[in-house]
Every structure is written in C-alpha cells, then in structure tokens.
Amino acid sequence: MEQQNPFFDRDLNNFRLLFELRALSVGVVVTRCDELQAIFNRLGRGKSYGNSTTHMSKLLPRLNGGGAVVPCSRFGIRQKLYTEDFLTRK
C-alpha cells in the first residue's frame, strides 16, 4: 500500500473541496521528477530532498487511484531544466 504523503493528500483534498464549492474547475500541481534527486545528491542536499518529500512518483499513484476527483494537470520539473547558477561560479 502506498505510504501517505501529507502534502499531496492535503492539496488533492483542497482541490476536491474547492471543486465542490465551484471555486475552481481544474487543479494544477507542479512538483519535481524523481530524476532531480541526482542533482540534490551532487549538491549535498540529498537528505533534505529524499524519498519522503514530494515528487512525481508520489503523486501519480494518487491521481491514477482516484485521489483527485477534480480534473488535474500535473507538471514535473525535469533534470534537463537545471542549469548551474552563473553568479556562484568562480
């Protein structure tokens, strides 16, 4: 059984409530793709952004399992979008 994720569960529940109140027509979730973990690891932040945080493989089972009773678009931030900050280069 999929472990609960309080962030996505909260967001999808809020989408449902707002949809029922006719305050929104579609929910939009922007999260990271799992592949970003390699970048976080390389930057020494891997423990802060590990498996317990929000990412696409945590969201998809909820959407596919009916966790969103509202039309929902999802966008995943991919590794190829990452560029080194030119201001921190020496």
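Treat the numbers as computed from the prediction; the structure is a model and nothing was measured. (Residues numbered from 1 in each chain as written. Predicted model: local features only at pLDDT ≥ 70, side-chain atom pairs only at ≥ 80, totals over all residues. Heavy atoms only, no water.)

Novice: I'd like a rundown of the overall build of the protein, residues and numbers included.
Specialist: For the protein, the helix and strand inventory stands at 3 helices and 2 strands. Within the span of the protein, comprising 90 residues, buried residues form 28% of the whole. Long-range contacts, defined as pairs at least 24 residues apart, comprise 69% of the intrachain contacts of the protein with a sequence gap of at least 6. Roughly 6,700 Å² of accessible area belongs to the protein as shown, and the carbon and sulfur atoms make up 55% of that amount. (Helix = DSSP H or I, 4+ residues; strand = E, 2+ residues; numbered from the N terminus. Buried < 20%, exposed > 50% of the residue type's maximum accessible area, 1.4 Å probe, protein only. Contact = heavy atoms within 4.5 Å. Areas by Shrake-Rupley, 256 points an atom, 1.4 Å probe, with all protein chains shown as cover.)

Novice: Quick one: what's the story with the packing of helix H1 (residues 6-20) against helix H3 (residues 56-64), residue by residue and with numbers?
Specialist: Running from amino to carboxyl end, H1 crosses H3 at an angle of 40°, the nearest separation of the two axes being 10 Å. When the interaxial angle is binned, H1 and H3 end up oblique. Regarding H1 and H3, the two cross each other, and that crossing is right-handed. Within the contact between the two elements, H1 uses Phe8, Asp9 and Leu12 and H3 uses Lys58, Leu59, Arg62 and Leu63. (Axes fitted to C-alpha atoms, helices over the stretch in contact; angles between N-to-C directions. Parallel < 35°, antiparallel > 145°, perpendicular 65-115°, else oblique. Left-handed = near helix turned anticlockwise from the far one by under 90°.)

Novice: Pulling in residues and values, what's your account of H1?
Specialist: Here H1 spans 21 Å end to end across 15 residues, near enough to the 21 Å set by a 1.5 Å rise per residue. All of the buried residues in H1 are Phe8, Leu12 and Phe15. Seen along its axis, H1 keeps its buried residues to an arc of 55°; they face one direction. Opposite the buried face of H1, at more than 90 degrees from it, the exposed residues are Pro6 and Glu20. Among the structural elements, strand E1 (27-32), H3 and strand E2 (72-77) are those in contact with the buried residues of H1. One or two steps after H1, the chain reaches arginine 22, where phi turns positive at roughly 60°. (Expected span 1.5 Å × (residues − 1). Arc of directions from axis to C-beta.)

Novice: Give me the lowdown on the pattern of salt bridges, citing residues and values where you can.
Specialist: One pass over the structure, following the stated rule, counts 4 salt bridges. For arginine 62, the salt bridge is made with aspartate 9, and the minimal N-O distance between the two is 2.7 Å. Of this pair, arginine 62 sits in helix H3 while aspartate 9 sits in helix H1, and the two are 53 residues apart along the sequence. Taking the relative accessible area as the measure of exposure, arginine 62 reaches 10% and is therefore buried. A relative accessible area of 30% means that aspartate 9 is categorised as partly exposed. Across the salt bridge formed by glutamate 20 and arginine 16, the nearest N and O atoms sit 3.2 Å from each other. Residue glutamate 20 and its partner arginine 16 are both found in helix H1; the two are separated by 4 residues, about one turn of the helix. In this structure glutamate 20 comes out as exposed when scored by relative accessible area, which is 52%. (Salt bridge = Lys/Arg side-chain N within 4 Å of Asp/Glu carboxyl O.)

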